[in-house]
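Breakdown of the fold
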Amino acid sequence: PIWSPDGKTIAYLQSSSNENFTMYGVDILAVVSKDGGQPKLLSKSLDRPLTNIRWSKDGLYIAALMEDDRQSNVIAFNVQTGKDSKLSTGDRATFGLELNPANGNWVTLMSEPHLPFELFALENGNNRRLTFVQDSFLAPLQLPTVEGFKSKSKDGTIVSGILYKPANAEPGKKLPLILYVHGGPVGQDDYEFDIIPQIIASGGYAVAQVNYRGSSGRGVDFTRAIYADWGNKEVMDLIGAADYLIAQGIADETRMGIGGWSYGGILTDYTIATDTRFKAGCSGAGSALQLS
């Protein structure tokens, strides 16, 4: 919980669930008077997870980081009306948010697919880059291409993903495909500089990150869809993404692999047990027999 500048109101993050324990909820921004009473839920209607809540200098609004379908940006909530407005937009990931008390603007860490995290000042909706520490690292590199895609699973669910391809990929030539699966399961692959798929793609592969059901950034229902049903809908979504990339002429169906860490390892196990087209699997810190 954090206090308003005038000390009269408390802001905090409240779970969307009333269950004693759940991993599938989202955190909702709430405010309540220091004297108690009924909390006001400012972000409930958005159905998106928030982190890093901070009061504005004048106490009129609260800023936070919000995940939304592969993006992570800064959003503000008017404390009186509950109206929200985006302070930053675009295909990027934002990590960390602090107020500059001198002028009331914000300082953030931001990353984009071809830019590792750097400090930015967020001023009147504009991002002004403050640091350039990654430039020397990036200068000699030829980075893969990175683009978002959406695929349809066999039950009709639309699933979002991110595709990496070698910078020198020959147009029209099919590539060996690696599904690189995130852990969690609650979390998302987003538009940040992710060095592992960058390295794999630079070795000549197409690399697909798939935000399968159970991922965050698409609302509580999407996240909770796998409750007590592991290895079903998520595998359907991973296979659907692979089928889409094959149909688009991007992936070579005869040369496919899959890997991930933690829940990504678990889904690697489930997927290779479901679909024999995958020629190799790398299950990092996964588990294969849940009852034991």
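Structure: above.
Keep in mind the model is a prediction, meaning the values are calculated, not measured.

Analysis parameters
Residues numbered from 1 in each chain as written. Predicted model: local features only at pLDDT ≥ 70, side-chain atom pairs only at ≥ 80, totals over all residues. Heavy atoms only, no water. Pairing = 2+ DSSP bridges. Helix = DSSP H or I, 4+ residues; strand = E, 2+ residues; numbered from the N terminus. Axes fitted to C-alpha atoms, helices over the stretch in contact; angles between N-to-C directions. Salt bridge = Lys/Arg side-chain N within 4 Å of Asp/Glu carboxyl O. Buried < 20%, exposed > 50% of the residue type's maximum accessible area, 1.4 Å probe, protein only.

Moving on to the sheet that holds strand S5 (residues 50-55). Through backbone hydrogen bonds, the strands of a sheet pair up, either in parallel or in antiparallel fashion. Strand order in the open sheet formed by four strands is S5-S6-S7-S8, with antiparallel pairing between adjacent strands. Every interior strand has two partners, whereas the edge strands, S5 and strand S8 (84-86), have only one. On average, each strand axis in the sheet is inclined to that of its neighbour by 30°, with strand direction left out of account. Relative to strand S7 (residues 71-78), strand S6 (residues 61-68) is paired through eight bridges, and the arrangement is antiparallel. From the neighbouring strand, Glu67 faces S7, where its bridge partner is Ser72.

Now for the pattern of salt bridges. According to the stated counting rule, one finds 17 salt bridges in the structure shown. For Arg70, the salt bridge goes to Asp69, with nearest N and O atoms at 3.3 Å. With relative accessibility at 7%, the residue Arg70 sits in the buried group. Relative accessible area serves as the criterion here: at 18%, Asp69 is assigned to the buried category. Between Glu253 and Arg277 there is a salt bridge whose closest N-O contact spans 3.0 Å. Here Glu253, found in strand S17 (residues 251-261), pairs with Arg277, found in the loop between helix H5 (263-274) and strand S18 (278-284); they are 24 residues apart in sequence, far enough to count as distant. Accessibility expressed as a relative area gives 38% for Glu253, which makes it partly exposed. Judged by relative accessible area, which is 18%, Arg277 ranks as buried. If you follow the salt bridges from partner to partner, you end up with Asp243, Glu253, Asp275 and Arg277 in one network.

These values are about where atoms sit, not about what they do.
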